[in-house]
Amino acid sequence: MFKHDKQLLKDVRVEKANPTYAAMLTEQLGGPQGEMKAAMQYMAQSFRIKDVAIKDLFMDIASEELSHMEMVATTINLLNGHDLDAEGTQAGHIQSHVLTGLNPLMANASGYLWTAAYVNVTGDLAADLLSNIAAEQRAKVVYEYLYRQIEDQHVRNTIDFLLNREEAHNTLFRQAFNQIQGTGSTKDWGVDENARLYFDLSTPGKYFDIKNPQPPAFQNPDPNANPPKPPNPLIQ
């Protein structure tokens, strides 16, 4: 069961209308690395999870991704302004101005409609967690690209919040992955001789080896071990 709280997770504002950037930001509403994809993927994966704690984590993050969708859509609404302006949209799609009456379209920045093909579900918890870790990393990168292409400080504040939430989700999925070592597709990792072979097919040079393969694991950042990190150079 879901309940809708009319208060946004974080208030959003814009300095002025910007239809072109609205079309760009739509990438994170209905694109393959966007919020709709994340919400549907984590929810769909949760349906077969037997571990109560991890199932709860998936649903919590899926629910938050729905709130991110609402923030992104609200920002797109504000950026589209109050007047139809297809000619003022210089990049991406113009459907919001000729089809949906400025309502944000569930599509990517090029106008291709959202599809369930974006959703990755295997039923293997290890594989799904790795997929989610990668999804959060890719979403953060897209937000960084978007951040660099807008001077509107209100929009930048929204994007900064969202990309840092992607980091939080990434960290939580990594914690869950570390808890399931030796299960599912991580079981008996590297016991077969074929799992210990590296084919050096590029010459000269051999830079990697897997004589003692280990299943993937993650060390989460310790905020007490290091000083605060400097601003991310990708989003300056």
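Residues numbered from 1 in each chain as written. Predicted model: local features only at pLDDT ≥ 70, side-chain atom pairs only at ≥ 80, totals over all residues. Heavy atoms only, no water.

The name an unreviewed UniProt entry gives the chain is Catalase, with Pelosinus fermentans JBW45 as the organism. Of the comments in the UniProt record for the chain, the one headed Sequence similarities (unreviewed entry) reads "Belongs to the manganese catalase family." (UniProt positions renumbered as here; feature names shortened; annotations may be inferred.)

Asks: What exactly am I supposed to notice about the side chain of Lys 140 here?
Replies: Relative to the elements of secondary structure, Lys 140 occurs in helix α6 (residues 125-147). Overall, Lys 140 belongs to the buried group, its relative accessible area being 10%. A distance of 2.6 Å separates a polar atom in the side chain of Lys 140 from a polar atom in the side chain of Glu 144. (Helix = DSSP H or I, 4+ residues; strand = E, 2+ residues; numbered from the N terminus. Buried < 20%, exposed > 50% of the residue type's maximum accessible area, 1.4 Å probe, protein only. Polar contact = N/O pair within 3.5 Å; in protein donor to acceptor, adjacent residues only side chain to side chain.)

Asks: Can you walk me through the packing of aromatic side chains in this structure?
Replies: Given two aromatic rings, one states the distance between the centres and the angle between the planes to describe the pair. A full pass over the atoms with the stated rule returns four aromatic pairs. Here the aromatic rings of Trp 114 and Tyr 118 are separated by 6.2 Å at their centres, their planes lie at 85°, and the arrangement is edge-to-face. We classify Tyr 118 as buried; its relative accessible area is 16%. Here Phe 177 and Phe 218 contribute two aromatic rings whose centre-to-centre distance is 5.7 Å and whose plane-to-plane angle is 70°, an arrangement assigned as edge-to-face. Within this pair, whereas Phe 177 is found in helix α7 (residues 153-179), its partner Phe 218 is found in the segment after α7, the two being separated by 41 residues in sequence. Ring-pair connections join several aromatic residues into one group, and the members of that group are Tyr 42, Phe 58 and Phe 173. (Phe/Tyr/Trp six-rings, centres within 6.5 Å; stacked < 30°, edge-to-face > 60°.)

Asks: Could you clarify how one ought to interpret the nonpolar core in this entry?
Replies: In summary, soluble globular proteins display a tendency toward joint burial of nonpolar side chains. Core analysis: the largest hydrophobic core is formed by 23 residues, its most contacted members being Tyr 21 and Ile 159. At the level of secondary structure, the elements contributing two or more residues to this core comprise α1 (19-25), α4 (52-80), α6 and α7. By residue number, the principal contributor to this core is α4, which donates six residues. One finds Tyr 42, Ile 133, Phe 177 and Ile 180 within the second-largest nonpolar core, a separate group that totals 17 residues. (Core = buried A, V, L, I, M, F, W, Y, C linked by side-chain atoms within 4.5 Å.)

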